[in-house]
Amino acid sequence: MTKPNPQDLLDRLIRAAKTAGADTADGLLVESISANVSYRLGKLEDVERAESADLGLRVFVGQRVAFVSSTDFSREAMDALPARAVAMARLAPEDKFAGLAPRELLAKTIPNLDLDDATEPSAEILIDRARAAEAAALAVSGVTNSEGGGASFSRSAVSLATSDGFYGHYAGTSHGIGVAVLAGEGMNMQMDHDSASARHGVDLDSADVIGKRAGERAVARLNPRKIKSQAVPIVYDRRASNGLVGHFAAAISGASIARGVSFLKDRLGQKVFASGVNIIDDPHRPRGLRSKPFDGEGVANMRRALIEGGTLTTWLLDSASARQLGLRSTGHAARGTGGPPSPAPTNLYMEAGKQTPEELIAGIESGFYVTELMGMGVNGVTGDYSRGASGFWIENGKLAYPVAEVTIAGNLKDMFLHLTPANDLVFRHATNAPTVRVEGMTVAGA
């Protein structure tokens, strides 16, 4: 059966839901294709391609809400969906914060963010990318084995309609390459990796560069030492520093603030970071990996400085959390087809500072340069932070030798206030940060 036009399909479902007794409703359709290949030790291991379409219908009966989703687009399934959703809503408990986004906040225009690459790579191109990434990594002297190289492509199309008359649609693509390899022999083996992703193939790092970086990182980790427990400055490599920005975003989620379970719940309008720090969320970044022209409820979104000169300026809010806090949505609703929206950042980044990474390190007599973090030892209520880490020991302002099997600890409230960013910001992920230096943390070693 040929699937109807997305707008026609969603409008028909919303009208049927209102006929069945819903006061308001919205519908979300997500259509996607994906292709993945994996290549290990010179042999093709897997080639996959998948296509899917998922539909979600949300209905409100008074202050009661229900969600239904379907991957069956037959006429019979679509005809049954609205009545089933309304029947479920009538049995649901009341939620005084439930409802569609306020009509006046809905997006009036849909900006073109250049997210969709019209050229889809063939399976042969993906295989070449995976093969080249692994070959470049294996060519690095000291690399002895491989976990494999991979390449991927995906395209998704999102359509959202509401009973208030909003309809929005956008599509985006993603190209990816990654490889992981091992260096050394026997009990002295170390693994590392590298990867890259981009909306358009022309923006993707070359497979050779990705593979070489992965191999060199693995070799650099050989013969790690253990260190004694001590308090020292810690420098986070760009691969690790974006995690700090992610912890900050989680702490200012409206859902956490409304429940009172964030260590930043009372800090709006106050200094949270050092004065030179700015953190931006920009859903309209051209070709951004999390760019979108409107949020998951159809609310108009925009670039916002979440931290400006070290000061916390806003929460991340969807409509429900905004109502709980007596505020307006900031356009940060994210959602799938089977459940309610929740606040989430888009293209999130810490702006670059003025010093080079070498200058940040130069003044450190003894310290730790972190390249990888393990575990999730972060308490969102208190800000307590404790994570496994590996990287390189700093002596007299230089990277001296690799270090493994240590734990770094502190409290995010103090860490944020004593953080200095370097000038090497690069946009490689959905959340990005430059190299950063944090004073006064504890390293627990042997």
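The structure presented is a predicted model; accordingly, all values stated were derived computationally and were not measured. Residue numbers here run from 1 along each chain, matching the order of that chain's written sequence. Thresholds applied to this predicted model are a pLDDT of at least 70 for local features of residues and 80 or more for the giving and counting of side-chain atom pairs; totals over whole chains, interfaces and linings are not thresholded and use all residues. Derived side-chain values reflect all non-hydrogen atoms in the structure, with water molecules and hydrogen atoms excluded from consideration.

*Asks:* Before we move on, could you go through the sheet that holds strand S3 (residues 64-70) and cite the residues and values that matter?
*Replies:* Pairing between strands is defined by DSSP: at least two bridges between the two strands are required. The helix and strand labels rest on DSSP assignments: H or I over at least four residues marks a helix, E over at least two residues marks a strand, and numbering proceeds from the N terminus. Taken in spatial order, the six strands make up an open sheet running S3-S2-S1-S4-S5-S6, and their pairing is antiparallel. Looking at the sheet topology across the chains shown, the edges are occupied by S3 and strand S6 (188-198). Between one strand axis and the next, the sheet turns by 20° as a mean value, whatever way the strands run. Across 17 bridges, strand S1 (residues 24-40) lies against strand S2 (residues 43-61) in antiparallel orientation. Axis definition: a line fitted to C-alpha atoms, over the contacting stretch in the case of helices. Angles run 0 to 180 degrees between N-to-C directions.

*Asks:* Describe in detail the packing of helix H1 (residues 6-19) against helix H2 (residues 75-91), supporting the description with residues and values.
*Replies:* The packing of two helices is summarised by the inter-axis angle and the distance between the axes. Here H1 crosses H2 at 40°, and the two axes come no closer than 8 Å. Taken together, the axes of H1 and H2 lie oblique to each other. Seen along the crossing, H1 lies across H2 with a hand that is right-handed. Side by side, H1 and H2 meet where Leu-9, Arg-12, Leu-13, Ala-16 and Ala-17 of the first sit next to Arg-75, Met-78, Leu-81, Pro-82 and Val-86 of the second. For classification purposes, angles smaller than 35 degrees are called roughly parallel, those larger than 145 roughly antiparallel, those between 65 and 115 roughly perpendicular, and all remaining angles oblique. For a crossing to be left-handed, the near helix must be turned anticlockwise from the far one by less than a right angle; the clockwise case is right-handed. In this description, contact between two residues means that some pair of their heavy atoms is separated by no more than 4.5 Å.

*Asks:* Report on the pattern of salt bridges, specifying residues and quantitative values.
*Replies:* Side-chain pairs of opposite charge can arise where the charged atoms are in close proximity. When a carboxyl oxygen of Asp or Glu lies within 4 Å of a side-chain nitrogen of Lys or Arg, that pair is called a salt bridge. Evaluation of the coordinates by the stated rule reveals 25 salt bridges. Residue Arg-335 pairs with Asp-26 through a salt bridge whose shortest N-O separation is 3.0 Å. Highlighted residues: Arg-335 in the loop between strand S11 (333-334) and strand S12 (342-343) and Asp-26 in strand S1, separated in sequence by 309 residues. Both residues of the pair, Arg-335 and Asp-26, belong to the buried class. Note that Lys-226 is salt-bridged to Glu-405, the shortest N-O span being 3.2 Å. Of the two residues, Lys-226 sits in the loop between helix H4 (207-220) and strand S7 (230-236) while Glu-405 sits in strand S16 (residues 398-411), which places them 179 residues apart along the sequence. A 1.4 Å probe rolled over the protein chains alone gives each residue an accessible area, and that area as a share of the maximum for its type sets the label: buried under 20%, exposed over 50%, partly exposed in between. Given a relative accessible area of 54%, Lys-226 falls into the exposed group. Salt bridges sharing partners connect three or more residues here, namely Asp-194, Asp-205, Arg-213, Arg-217 and Arg-428.

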